[in-house]
Amino acid sequence: MSYQIEYRQWVLSNGLRVLCAHRPWSKSFAAILHAKVGFRDEPDRQGGISHLVEHLVFRGPNGPLTDDLGRQGLEFNGQTGWDDTLYHGLGHADLLDGTLEFFANVLQPIAVDPRALGDELQILGHELAGQSDSSGDRKLRRVWAQIVGDAELARRPAHTSTRDLVRIRPEDAELFHREWYAPSNASLTIVSPIPTDELSSVILRQLGAIAPRPGPKGRRPFDRDIPPELTVSQFDGSHTMVMVGHPFKPSKEFPLPIASILNDHLGGGSYSVLFRRI
């Protein structure tokens, strides 16, 4: 059985890019807020700050909000990669409004409490304990260095040094967030049973009021000469895939042809697919 999925994509006045797919036969949603920032964007001597900021945005007003949404059954998490950072929510459609409130808080400038910073540094220290730079990590970095055209990426270690982490001050995290989490450097993708016109007004109410601010400067872009491709697919009535991106030519490091491995609408990086059970 095949299904027709309607979608709409547009840009808010503050620069946030939005892609919505309407899946009317479901009662639940999947949503991803995608920030174009990852390990490759970290300043010297501040290794791990992108992962740290990912943790810090769960603090402040998002702390009680995520507790409340979690009690109601929302699955929520964040993930930092080489090229991007994701915040994804999955749950009943009634929880989408609260999820959008969380996303709005993520994009607003944050005030970092020194005690909260210390707590998160300790948590990250435990996560990093015992990790090493494997041959698989190094090979993957070479692949992504080729894709994004950033030779520095291939030379950086896969895992942050705890020595770099302890140097990070509250004002460092605030400045990094203010620059890299500008709405114009992020995008939102939602698959839900809510009609796109109705969902558009909810998104505008929750995220449209965020003031625009300058985004990051000097990031090396990947080659955008190849036209992007859009795919919205349905699998067996239980999974939806939304993918927008560029083809990538095979190489010695990665011999298989990969369609749309880079995501133009969602900002680029390895997480070009919203592929969630909803």
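Above: the structure in question.
These lines cover the structure that appears in this document, whether it is placed above or below. Quick caveat: nothing in here was measured; it's all calculated off a predicted structure.

1. Some thoughts on the overall build of the protein chain
When helices and strands are counted, the protein chain shows 9 helices and 10 strands. Counting every position in the protein chain, which comprises 278 residues, the buried fraction comes to 54%. Across the protein chain, the fraction of contacts at a sequence separation of at least 24, relative to all contacts at a separation of at least 6, is 76%.

2. Some details on the pairing of strand β4 (residues 75-80)
Two elements, β4 and strand β5 (residues 85-92), share 6 bridges in a ladder whose sense is antiparallel. Following the sheet pairing, E75 is matched in β5 by L90. Connecting the antiparallel pair β4 and β5 is a turn made up of 4 residues.

3. Observations regarding the environment of V106
Within the secondary structure layout, V106 lies in helix α3 (residues 96-107). For V106, a relative accessible area of 0% translates into the label buried. Along the chain, V106 and A35 lie 71 residues apart, while their C-alpha atoms are 9.9 Å from each other. Ignoring sequence-local partners within four residues, the contact set of V106 consists of L33, V57, N62, Y87, H177 and Y181.

4. Describing the sheet that holds strand β2 (residues 17-22)
Strands sit in the order β1-β2-β6-β3-β5-β4 across an open sheet of 6 strands; the sheet is mixed. Sheet topology places β1 (6-11) and β4 at the edges, where each strand pairs with a single neighbour. The mean inter-strand angle of the sheet, taken between neighbouring strand axes irrespective of direction, is 10°. The pairing of strand β3 (residues 28-35) with β5 spans 8 bridges and is antiparallel.

5. Notes on the packing of α3 against helix α9 (residues 196-207)
Where α3 meets α9, the axes come as close as 9 Å, and the angle between the chain directions of the two elements is 35°. For the pair α3 and α9, the crossing hand works out as right-handed. Each of L96, D97, L100, E101, F103, A104 and L107 in α3 lies in contact with α9, whose residues at this interface are L199, V202, I203, R205, Q206 and L207. For the contact of α3 with α9, a count of residues per class yields 9 nonpolar, 1 polar and 3 charged.

6. Digging into the packing of aromatic side chains
A full pass over the atoms with the stated rule returns 9 aromatic pairs. The interplanar angle of 70° and the centroid separation of 4.4 Å between the aromatic rings of F76 and F102 together place this pair among those described as edge-to-face. Here F76 is found in strand β4, whereas its partner F102 is found in helix α3, with 26 residues between them in sequence. One aromatic cluster is present, formed by F58, F76, Y87, F102, F103 and Y181 through successive ring pairs. Sitting over the ring of W10, R8 keeps its end group 4.1 Å from the ring centre.

7. Comments concerning the pairing of β3
Within β3, 8 of the 8 residues are buried, which leaves it mostly tucked inside the rest of the structure. Of the two faces of β3, the one lined by S28, A30, I32 and H34 and the one lined by F29, A31, L33 and A35 are each fully buried. Where β3 meets strand β6 (residues 186-192), 6 bridges bridge the pair, whose relative direction is antiparallel. If you follow A30 over to β6, its bridge partner there is V191.

8. Digging into helix α8 (residues 170-180)
Buried within α8 are the following residues: P170, D172, A173, F176, H177 and W180. Taken around the axis of α8, the buried residues stretch over an arc of 165°, which confines them to a single face. Buried residues along α8 sit in contact with α1 (49-56), α3 and α4 (114-128).

The rules we used
- Within every chain, residues take consecutive numbers counted from 1 along the sequence as written.
- Per-residue local features are limited, in this predicted model, to residues with pLDDT of at least 70; the limit for side-chain atom pairs, both in listing and counting, is 80 or more; totals at the level of whole chains, interfaces and linings are taken over all residues.
- Hydrogen atoms and water are omitted, and side-chain values are computed over all heavy atoms in the structure.
- For the purposes of this entry, the term helix denotes a DSSP run of H or I that reaches at least four residues, the term strand denotes a run of E that reaches at least two, and both are numbered from the N terminus.
- Partly exposed residues are those whose accessible area sits between 20% and 50% of the maximum for their type, while under 20% is buried and over 50% is exposed, using a 1.4 Å probe and protein chains only.
- Whether two residues touch is decided by their heavy atoms; if any such pair falls within 4.5 Å, the residues are in contact.
- Two strands make a pair as long as DSSP finds a minimum of two bridges between them.
- A fitted line through C-alpha atoms represents every axis, and for helices the fit uses only the stretch in contact; the resulting angles, taken between N-to-C directions, go from 0 to 180 degrees.
- Crossing handedness is read from the near helix: turned anticlockwise from the far helix by less than a right angle, it gives a left-handed crossing, and turned clockwise, a right-handed one.
- Three residue categories are used. Nonpolar comprises Ala, Val, Leu, Ile, Met, Phe, Trp, Tyr, Cys and Pro, charged comprises Asp, Glu, Lys and Arg, and polar comprises the others, including Gly.
- For Phe, Tyr and Trp, rings pair up if their centres lie within 6.5 Å, where Trp contributes its six-membered ring, and each pair is then called stacked (planes under 30 degrees apart), edge-to-face (over 60) or tilted (otherwise).
- Two conditions define a charge sitting above a ring: the NZ of Lys or the CZ of Arg must be within 6 Å of the ring centre, and it must be within 35 degrees of the ring normal.
- What the arc describes is the spread of directions from the helix axis to the C-beta atoms.

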